[in-house]
Amino acid sequence: MTSGWLALLAAGLLEIVWALGLKHSDGLTRFWPSLGTVVAILLSFAMMSLALRSLPFGTAYAVWTGIGAAGSIVVGMWLYSEPADPMRLLCLTLIIAGMVGLKLNSPV
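Residues numbered from 1 in each chain as written. Predicted model: local features only at pLDDT ≥ 70, side-chain atom pairs only at ≥ 80, totals over all residues. Heavy atoms only, no water.

### What to know about helix α1 (residues 2-25)
Phase 1 of the analysis: With 24 residues, α1 should reach 34 Å at 1.5 Å per residue; the first-to-last C-alpha distance of 34 Å fits that figure.
Phase 2 of the analysis: Among the residues of α1, those classed as buried are Gly4, Trp5, Ala7, Leu8, Ala11, Gly12, Leu14, Glu15, Ile16, Gly21 and Ser25.
Phase 3 of the analysis: Where the residues of α1 are buried, they touch α2 (31-51), α3 (57-80) and α4 (86-104). (Helix = DSSP H or I, 4+ residues; strand = E, 2+ residues; numbered from the N terminus. Expected span 1.5 Å × (residues − 1). Buried < 20%, exposed > 50% of the residue type's maximum accessible area, 1.4 Å probe, protein only. Contact = heavy atoms within 4.5 Å.)

See the structure below:
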């Protein structure tokens, strides 16, 4: 049970990595960032497939994409000085609250 959630967390973190890799790959035209992106995508999918062995599909998918979305927002604010205005922070909070709610309401 716990291993499914850990695999899901790893899959979500790897989703942030591959989104960041896409930014640095310059449209998949730079070799090393592109290779890193592809590896992160494959690992993210592998971890997601492990998580789906024990977690409900809808919950796992929503949390996976939520980690990627929320993490990408935070990374964008941190690395690229993207805006951290109150509305963005509210929306980020809602994404995180939704993921926590799904986790707490999960039968596993």
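There is more to say, and it comes next.
### Re the side chain of threonine 37
Phase 1 of the analysis: Position of threonine 37 relative to the elements: it lies in helix α2.
Phase 2 of the analysis: Dropping the residues within four chain positions of it, threonine 37 is found in contact with Trp18, Gly21 and Leu22.

### With respect to the nonpolar core
Phase 1 of the analysis: The biggest cluster of nonpolar side chains holds 17 residues, and the ones touching the most others in it are Leu8, Met48, Leu55 and Val63.
Phase 2 of the analysis: Put simply, the parts of the chain that give this core at least two residues each are α1, α2, α3 and α4.
Phase 3 of the analysis: Counting residues per element, this core draws most heavily on α3, at seven residues.
Phase 4 of the analysis: Those residues in contact with methionine 48, other than ones at most four positions away along the chain, are Leu8, Ala11, Ala60, Tyr61 and Trp64. (Core = buried A, V, L, I, M, F, W, Y, C linked by side-chain atoms within 4.5 Å.)

### Observations regarding the environment of leucine 9
Phase 1 of the analysis: Relative to the helices and strands, leucine 9 is located in helix α1.
Phase 2 of the analysis: Given a relative accessible area of 42%, leucine 9 falls into the partly exposed group.
Phase 3 of the analysis: For the pair formed by leucine 9 and alanine 84, sequence separation is 75 residues and the distance between their alpha carbons is 24 Å.

### Observations regarding the packing of α1 against α2
Phase 1 of the analysis: It is at 8 Å that the axes of α1 and α2 come closest, and there the two elements cross at 160°. Compared by their axis directions, α1 and α2 come out roughly antiparallel. Of the two possible hands of crossing, α1 and α2 adopt the one that is left-handed.
Phase 2 of the analysis: Each residue belonging to the contact of α1 with α2 can be placed in one class, and the counts come to 16 nonpolar, seven polar and one charged. (Axes fitted to C-alpha atoms, helices over the stretch in contact; angles between N-to-C directions. Parallel < 35°, antiparallel > 145°, perpendicular 65-115°, else oblique. Left-handed = near helix turned anticlockwise from the far one by under 90°. Nonpolar A, V, L, I, M, F, W, Y, C, P; charged D, E, K, R; others polar.)

### Considerations on the layout of surface pockets
Phase 1 of the analysis: Its volume calculated, the largest pocket comes out at about 180 Å³.
Phase 2 of the analysis: Around the largest pocket sit Trp5, Leu8, Leu9, Leu13, Val63, Ile67, Met99 and Lys103, which together line it.
Phase 3 of the analysis: Elements supplying a minimum of two residues to the lining of the largest pocket: α1, α3 and α4.
Phase 4 of the analysis: Considering every element that reaches the lining of the largest pocket, the biggest residue donor is α1, with four residues.
Phase 5 of the analysis: Taken together, the residues of the lining of the largest pocket sort by class into seven nonpolar, no polar and one charged. (1 Å grid on protein atoms, 1.4 Å probe; cavity = no way out; pocket = protein on both sides within 12 Å on 5 of 7 lines; lining within 4 Å. Points joined across faces, edges and corners; volume = space filled by probe spheres on them.)

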